[in-house]
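Survey of secondary and tertiary structure
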Amino acid sequence: MPDIDKLKNQQEKVKTEIRQLENRQKILLNRKTDAERKARTRRLIEHGAILESIFPATTAMTGEEVKAFLSAISRLPEVVRLLKNEPESQGMQQS
C-alpha cells in the first residue's frame, strides 16, 4: 500500500513539473514572438525612414501611391538589372 501512495505522489509531482515546463515553453514562445515582432517593426521603420530620406515626396503620398511609385521604379531597366545582380550589390553594400 505505501508503494502505491508513493507512486501516486511521484506521479502528481511529475504532472506538476510537466505543467510548469509547458507554461515555461509558452512564456519562451511568447518572448520569441515578441522579439520577432519588434525586429520586424524596427526593420520596417528603418526602411521607411530610408525611403523618405531618398524620396522626400513620398511623405505626402498615401500607402497605395507609395506602392505604385515603387512598383513603377522597380520596372525601370536599370533597377531590373540591379535586382538581377542582387547578391553582388548586397555584398558591396555590406563592405
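I will try to describe carefully the structure that is included in this document. (Residues numbered from 1 in each chain as written. Predicted model: local features only at pLDDT ≥ 70, side-chain atom pairs only at ≥ 80, totals over all residues. Heavy atoms only, no water.)

1. Topic: the overall build of the chain
Helix and strand content of the chain: four helices and zero strands. What you see in the chain, going N to C, is helices and strands ordered as α-α-α-α. Put simply, the chain has 95 residues, and 2% of those count as buried. Within the structure as shown, the chain displays about 8900 Å² of accessible surface, and the carbon and sulfur contribution to it stands at 57%. (Helix = DSSP H or I, 4+ residues; strand = E, 2+ residues; numbered from the N terminus. Buried < 20%, exposed > 50% of the residue type's maximum accessible area, 1.4 Å probe, protein only. Areas by Shrake-Rupley, 256 points an atom, 1.4 Å probe, with all protein chains shown as cover.)

2. A short note on the pattern of salt bridges
Per the stated rule, a full pass over the model turns up three salt bridges. A salt bridge links lysine 32 to glutamate 36, with the shortest nitrogen-to-oxygen separation between them at 3.8 Å. On the criterion of helical spacing, the pair formed by lysine 32 and glutamate 36 is a turn pair, its members being four residues apart in helix 1 (residues 2–54). Two residues, glutamate 46 and arginine 42, come together in a salt bridge whose shortest N-O distance is 3.1 Å. Separated by four residues within a single helix, glutamate 46 and arginine 42 lie in helix 1, roughly one turn from each other. (Salt bridge = Lys/Arg side-chain N within 4 Å of Asp/Glu carboxyl O.)

3. Describing a nonpolar patch on the surface
Judged by side-chain polarity, Ile50, Ile54 and Phe55 come together as a nonpolar surface patch covering roughly 280 Å² of accessible area. Take phenylalanine 55: its relative accessible area is 31%, and that puts it in the partly exposed class. (Patch = residues over 30% accessible without salt bridge, like charges linked within 9 Å, V, L, I, M, F, W, Y side chains within 5 Å.)

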